[in-house]
Each structure stands twice: as structure tokens, then as C-alpha cells.
Amino acid sequence: MCVTAVESRPAGVLGTSQSQSTNHRPFGARVKAFVALTKPRIIELLLITTVPVMFLAEQGVPDLTLVLLTCVGGYLSAGGANALNMYIDRDIDALMDRTSQRPLVTGMVSPRECLAFGITLAVVSTLLFGLTVNWLSAWLSLGALLFYVVVYTMILKRRTAQNIVWGGIAGCMPVLIGWSAVTNSLSWAPVILFLVIFFWTPPHYWPLSMKVKDDYARVGVPMLPVIASNKVVARQIVIYSWVMVAVSLLLTPLGYTGWFYTAVALAAGGWWLWEAHALQNRAKAEVTGGKLKEMRLFHWSITYVSLLFVAVAVDPFLR
């Protein structure tokens, strides 16, 4: 697939009003900018999938110091990956409405500072995991970072509509890290939850991509909604949704969870499928604009994964 070339421009050259000189970058604003480089809202979702798996692995309450160290290490690792992602994507971020206020675009952080910040977080997080948790978790964390930065951001994102499918593997790794932090090993339970997140990621992100597809089209990033009709995208969302719900139900017959998790997985999954099919029906009817209501599924997807993993954490106490 040919991808439209994107003009490369240094961060902060969108216009004099957005550019920040070195002498006009307040300390407080700079701190906020560096925090923004880590994409805290995305990391919240990663931690939501990490901590409950630690409860499942322990079949109860894990060591709280270990939980804290795992969360700090996970935040630093994901934050480093996100900072490096912004460094690589600073050219297209400057041209997209949804990313036009990112720190490199406004000039609040320079590209060199962002690169150094991202690398530093990657090194610190790996050492923190290795020295305070275990080295299996450290290598899994580093692998997730490298996969997101190299495989997704540098190779897949601008070349194929399958970018978010395979690139989403990086976002699946926290469940493996949470389990390995407690057990220093892996088993089928985290693998199943890994697959749940793998099949969750495309139908989670494609509705948002439908909403902002003009942004992606402008910079030549071939997200599926850019190159395919709403009907095709909605059909793919439904397919992935059914597989996701089916996989989520495998934990119970394999003996890892009981009635509570199963009930939540069935109820939340059923509602997800209702919303996914409703979106498909609107797409088939060629509804466009605000009436397509694609963001309903996006917002529900966040609620779904939160409920499912809360059930993962609570279930051991009810068995």
C-alpha cells in the first residue's frame, strides 16, 4: 500500500502563537508537558489490566509493595514508550487536530529533550523491574516498549490498516507482566487475558478512528476507517467483538475463575455485542455524522475492560 508522504517539520513551527521560545517556558508548564508526554490517560487503562491480574495470580491480596513497584515500573515503561512515540510522530502530530497541542508541537518540549526523556524512562523502568520485581517482568516490559515504538510506530502505523491489530500487542503485555510479577512465571490465565485485550483493541480503537478519520487521512495514516467504508469497519468490529467475548469466557472452564467473573463477563460482553451490532446496523443503513454514534462503543469499551478486570480481581475472594 502506498502511503501519502507527510511533510516533516520541527515541533513548534505551526505558527508564532503556538511556538514557545526557551525563555518563555514556565517551570510548571514544562512539568505538565513532560507528564503529558507519558500519556497518563492511556496508562490508566494499562494499570487497570495489570493490578487485577496480580490478585488472580495470588488468589488473594498480593504483596502491596510489589503491586506499587509493578505499577511504578509499568508507568515509567509505558510513559517512555509514549514519549518515544511522540518523538517519532511529531511531524504528523503537527498536522492533526487531535494532536496539535502535544508538547513537541507547541514547542514546550524540544525533540531532543523528548528523545532523552523517553530513553531514560525505558532504562530506569527496566532496571526498576529487574532489581525490585524480577527479570522476567523486566524483559516483558522492555519487549512491550520496543514493540510499540519499533513495530507499531515505526513500521506498521503508516504502512498498513492492520497497524492497530498487531501494534496492539504492546498493550496486551501488562497482563503478562502483572502475572509474572507475582509468580515469576507465566501460565494459561495471563495468556487468555492477553488474547482478550488483543481482540478488544481493534473494536475499541476503530470507533474512535471512524470519528477522526479525516485527521488520519490528512496525514496519510491508513487506519481501517480511512481506507474502508463504515460498513466494512463495523463488520470487522462485530467479528472481533464476538471472538473477544468468547475468549473471555475461557478462564472459567479452565479453572482460573468462578461464578462471579463468569456472570460479569457474560453481562458486560452481552452489552458490548448489543452495541457493536447496533453500530453495524447504523452503518448498514448508511447513517453518517453524529447519528452514527460510533463513540458510544468507544466509551463502552473502556467501561467493559474496567468491569471485566475488576471481576478478575474480586473473583478469587468469592470462590
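Before reading further, recall that the structure is shown in the block above.
These numbers come from a predicted model, not from an experiment.

Reading the values: rules and limits
- Residues numbered from 1 in each chain as written.
- Predicted model: local features only at pLDDT ≥ 70, side-chain atom pairs only at ≥ 80, totals over all residues.
- Heavy atoms only, no water.
- Helix = DSSP H or I, 4+ residues; strand = E, 2+ residues; numbered from the N terminus.
- Rg over C-alpha atoms; globule rule 2.2 N^0.38 Å.
- Buried < 20%, exposed > 50% of the residue type's maximum accessible area, 1.4 Å probe, protein only.
- Areas by Shrake-Rupley, 256 points an atom, 1.4 Å probe, with all protein chains shown as cover.
- Lys, Arg positive; Asp, Glu negative; His and termini not counted.
- Charge placed at Lys NZ, Arg CZ, Asp CG, Glu CD.
- Salt bridge = Lys/Arg side-chain N within 4 Å of Asp/Glu carboxyl O.
- Core = buried A, V, L, I, M, F, W, Y, C linked by side-chain atoms within 4.5 Å.
- Contact = heavy atoms within 4.5 Å.
- Expected span 1.5 Å × (residues − 1).
- Bend = angle between axes of the 7 residues up to and from the residue.
- Patch = residues over 30% accessible without salt bridge, like charges linked within 9 Å, V, L, I, M, F, W, Y side chains within 5 Å.

Enquirer: Whenever I open this one, the overall build of the protein chain confuses me. Can you help?
Expert: When helices and strands are tallied, the protein chain shows 15 helices and 0 strands. Computed over the C-alpha atoms, the radius of gyration of the protein chain is 20 Å, within 12% of the 20 Å expected from 2.2 N^0.38 for a compact globule of 319 residues. With respect to the three principal axes, the spread of C-alpha positions in the protein chain is 60 × 55 × 35 Å. In the protein chain, which comprises 319 residues, the share counted as buried stands at 53%. As displayed, the protein chain has an accessible area near 14200 Å², and 66% of this comes from carbon and sulfur atoms. Taking the average place of the 24 positive charges on the side chains of the protein chain and the average place of its 15 negative ones, the gap between the two points comes to 5 Å.

Enquirer: I'm lost on the pattern of salt bridges in this one. Help?
Expert: Opposite charge on two side chains makes pairing possible when the charged atoms of those side chains draw close. For the coordinates displayed, the defined rule picks out 9 salt bridges. For K157, the salt bridge identified is with D89, shortest N-O distance 2.7 Å. Pair noted here: K157 is in the loop between helix 7 (135-156) and helix 8 (163-167) and D89 is in the loop between helix 3 (64-88) and helix 4 (90-93), with a separation of 68 residues, a long-range link. Here the two residues K157 and D89 agree in accessibility, since each one is buried. A salt bridge links R158 to D91; its shortest N-O distance comes to 2.9 Å. Linking R158 in the loop between helix 7 and helix 8 with D91 in helix 4, this pair joins segments that are 67 residues apart in sequence. Given the relative accessible area of 22%, R158 is considered partly exposed. One connected set of salt bridges, linked through shared partners, spans D89, D91, K157 and R158.

Enquirer: Before we go on, may I ask you to explain the nonpolar core in this structure?
Expert: Nonpolar side chains in soluble globular proteins tend to end up buried together. Grouped together as the largest cluster of nonpolar side chains are 86 residues, with contacts concentrated most on L193, W272, Y304 and F309. The element best represented in this core is helix 10 (residues 188-211), accounting for 13 residues. Contact partners of W272, with chain neighbours within four places excluded, come to W200, P203, H204, S241, M244, L297, W300, S301 and Y304. Core analysis: the second largest hydrophobic core is formed by 9 residues, A33, M86, M108 and C114 among them.

Enquirer: Where do I start with helix 10 in this structure?
Expert: Given 3.6 residues per turn, any residue in an α-helix points the same way as the ones three and four places further on. Over its 24 residues, helix 10 extends 36 Å from the first C-alpha to the last, a length consistent with the 34 Å expected when each residue adds 1.5 Å. The largest bend in helix 10 comes to about 30°, at W200, with the proline P202 one to four residues further on. Of all the 24 residues making up helix 10, 20 are buried; the element is thus mostly covered by neighbouring parts of the structure.

Enquirer: Quick question: what am I supposed to make of a nonpolar patch on the surface here?
Expert: Together, I119, V123, L127, L131, W135 and W139 line one region of the surface with nonpolar side chains, adding up to about 630 Å² of accessible area. Mapped by element, the contributors of at least two residues to the nonpolar patch are helix 6 (111-133) and helix 7. Broken down by element, the nonpolar patch gets its largest block of residues, 4 residues, from helix 6. With respect to the helices and strands, the residue W135 is situated in helix 7. Its relative accessible area of 36% is what places W135 among the partly exposed residues.

Enquirer: Help me understand helix 6, please; the structure alone is not making it clear to me.
Expert: The terminal C-alpha atoms of helix 6 lie 32 Å apart, and with 23 residues this matches the ideal 33 Å at 1.5 Å per residue to within 8%. Here helix 6 has its buried residues at C114, G118, L121, A122, S125, T126, F129, G130 and V133. Residues of helix 6 that are buried make contact with helix 1 (27-37), helix 3, helix 5 (103-106), helix 7 and helix 9 (169-183).

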